[in-house]
Amino acid sequence: VLDLKANGPMVVEAPPGLLGGFNSAWFEYISDIGVFGPDKGEGGKFLVLPPGYDGKVPSGYFVVKSPTYKVWSFMRLSIADGVEKAVQLAKEKVKVYPLSIANNIPVMNFVNASNKIFNTVHHNDYTFYEQINETIQEEPLEMLDPQTRGLFASIGIEKGKPFAPDEKKKKILTDAVAIGNATIRSIMWY
């Protein structure tokens, strides 16, 4: 996850053959890396800019303009020539760092998450709404279209305002997330 609010513009260096992309904080597509991206599979340096950025943009980068401050970037390398070769290529060539330290790039720390248990699903309880509120408060208002903002406002989630539903509304929202969770699991199972 790139934090453009904390770090400003971020650089992602990708070797040839890397596949990946960038999604907004709302998990909407921003750009590809690889054969479908501007690098056409040849690799290169991507410069991810925060919303409303009006600073200098140096040359030599594939520019990615993000509508949000948090950007989810996912990347993978082919293991056709073996996992070890892909790991070595990643460690040698994949770099992620703030543009502000491009002249002094730190050593990357890679964490092997293979065979590790971790949950990437949002909470399935009332705290789901608290997570949405946190994102709404953090990101630019324009992240969402007016209709979606209106839906959130109808349950008390509005940018610049506290999310503080009473006990009755908390119960309704708790039931709603449970029903939504059960519905999507049923649809996916079917």
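Before any of the text, the structure's been laid out above.
What you are looking at is a predicted structure, and each value in this text was computed from that prediction instead of being measured. Here, residues in each chain are numbered from 1, in the same order as that chain's written sequence. It should be noted that, the model being predicted, local features are given only for residues of pLDDT at least 70 and side-chain atom pairs only at 80 or more, the latter also being counted only at that level, while totals for whole chains, interfaces and linings use all residues. Side-chain figures throughout are based on the complete set of non-hydrogen atoms in the structure, without hydrogens or water.

Visitor: It is not clear to me how the overall build of the chain should be interpreted in this structure. Could you clarify?
Guide: Secondary structure elements follow DSSP: runs of H or I no shorter than four residues count as helices, runs of E no shorter than two count as strands, and numbering proceeds from the N terminus. Secondary structure summary: the chain contains five helices and eight strands in total. If you list the helices and strands of the chain from N to C, you get β-α-β-β-β-β-β-β-α-β-α-α-α. Principal axes of the C-alpha set define a box for the chain whose edges measure 55 × 45 × 30 Å. Only protein chains enter the calculation, and the probe is 1.4 Å; a residue is then buried if its accessible area is under 20% of its type maximum, exposed if over 50%, and partly exposed in between. Within the chain, buried positions represent 32% of all 190 residues. What makes two residues a contact is simply this: any of their non-hydrogen atoms within 4.5 Å. Once local pairs closer than 6 in sequence are excluded, the contacts in the chain between residues at least 24 apart make up 58%. When the accessible surface of the chain is summed, it comes to about 12600 Å², and 57% of that surface belongs to carbon and sulfur atoms. Asp and Glu are treated as the negative residues and Lys and Arg as the positive ones, with His and the ends of the chain left uncounted. Every charge is mapped onto a representative atom, which is NZ of Lys, CZ of Arg, CG of Asp or CD of Glu. Taking the 20 positively charged and 21 negatively charged side chains of the chain as two groups, their mean positions are separated by 2 Å. To measure how exposed things are, a 1.4 Å probe is used in the Shrake-Rupley method; for residues, cover is taken only from the protein chains shown.

Visitor: Explain the nonpolar core to me, please; I cannot follow it from the model alone.
Guide: For soluble globular proteins, the rule of thumb is that nonpolar side chains tend to be buried together. The set of buried Ala, Val, Leu, Ile, Met, Phe, Trp, Tyr and Cys residues whose side-chain atoms join them within 4.5 Å is what this entry labels a nonpolar core. Membership of the largest hydrophobic core comes to 17 residues, with the highest contact counts inside it found for Leu2, Phe22, Ile33, Phe46, Val48 and Val71. Of all the secondary-structure elements, those providing two or more residues to this core are strand S2 (10-14), strand S4 (29-33), strand S5 (44-49) and helix H2 (83-93). When neighbours within four sequence positions are excluded, Leu2 is seen to be in contact with Met10, Val12, Phe22, Val48, Tyr69, Lys70, Val71 and Val96. In terms of nonpolar packing, the next biggest core, distinct from the first, is built from 12 residues, Tyr129, Phe152, Ile157 and Val177 among them.

Visitor: Honestly, the sheet that holds S5 in this entry has me stumped. Any pointers?
Guide: Sheets are built from strands paired through backbone hydrogen bonds, the pairs being either parallel or antiparallel. Any two strands with at least two DSSP-identified bridges between them are counted as paired. The strand order across the open sheet built from four strands is S6-S5-S2-S8, with neighbouring strands paired in mixed fashion. This sheet does not close on itself; its edge strands, each paired only once, are strand S6 (62-65) and strand S8 (95-98). The mean angle between the axes of side-by-side strands here comes to 20 degrees, regardless of whether they run parallel or antiparallel. Taken together, the four bridges between S2 and S8 define a ladder with antiparallel strand orientation. Bridging across to S8, Met10 finds its partner in Pro98. Only the stretch in contact is used when fitting a helix axis, every axis being a line fitted to C-alpha atoms; angles between N-to-C directions are given from 0 to 180 degrees.

Visitor: Sorry if this is basic, but what is going on with the pairing of strand S3 (residues 19-24) here?
Guide: For a regular strand, the rule is simple: side chains alternate between the two faces of the sheet. Of all six residues making up S3, five are buried, and the element is well covered by its neighbours. Pairing geometry for S3 and strand S7 (residues 70-76), over six bridges, is antiparallel. In the sheet register, Leu19 faces S7, and the bridge partner there is Arg76. The pairing of S3 with S4 spans four bridges and is classified as antiparallel. Residue pairing in the sheet places Gly20 in a bridge with Ile33 of S4. Between S3 and S4, which pair antiparallel one after the other, the connecting turn spans four residues, and Phe27 there sits at a positive phi close to 60 degrees.

Visitor: Is there a simple way to explain helix H4 (residues 146-154) in this structure?
Guide: What sets the pattern is the α-helix's 3.6 residues per turn: residues three or four places apart point alike. Any pair of N or O atoms that falls within 3.5 Å is considered a polar contact. Within protein, one atom must be able to donate a hydrogen and the other to accept it, and sequence-neighbouring residues count only if both atoms are side-chain atoms. With a side-chain oxygen positioned 3.0 Å from the backbone nitrogen of Gln147, the residue opening H4 is Asp145. Count one or two residues on from H4 and you reach Gly156, which has phi positive near 95 degrees.

Visitor: How do you make sense of the environment of Gly44 when you look at a structure like this?
Guide: Residue placement: Gly44 occurs in strand S5. When the C-alpha positions of Gly44 and Glu142 are compared, they lie 30 Å apart, and in sequence the two are 98 residues distant. Filtering out sequence-adjacent residues up to four positions away, Gly44 remains in contact with Val12, Glu13, Ala14 and Phe62.

Visitor: What's the story with unusual backbone geometry in this structure? I'm lost.
Guide: Excluding glycine, most residues fall at negative phi; most peptide bonds, likewise, are trans. Backbone geometry at Phe27 places phi at a positive 60 degrees, although glycine is not the residue there. Tracing the backbone through its elements, the reader meets Phe27 in the loop between S3 and S4. Positive phi is not limited to glycine here, since Lys40 has a value of about 55 degrees. Topologically, Lys40 is positioned in the loop between S4 and S5.

Visitor: Just checking my understanding: could you explain the pattern of salt bridges for this structure?
Guide: Note that side chains of opposite charge can pair when their charged atoms are close. When a carboxyl oxygen of Asp or Glu is within 4 Å of a side-chain nitrogen of Lys or Arg, the pair counts as a salt bridge. Scanning all chains against the criterion turns up five salt bridges. Between Lys170 and Glu167 there is a salt bridge, with its nearest N and O atoms 3.8 Å apart. Residue Lys170 and its partner Glu167 are both found in helix H5 (residues 167-189); the two are separated by three residues, about one turn of the helix. Accessibility expressed as a relative area gives 28% for Lys170, which makes it partly exposed.

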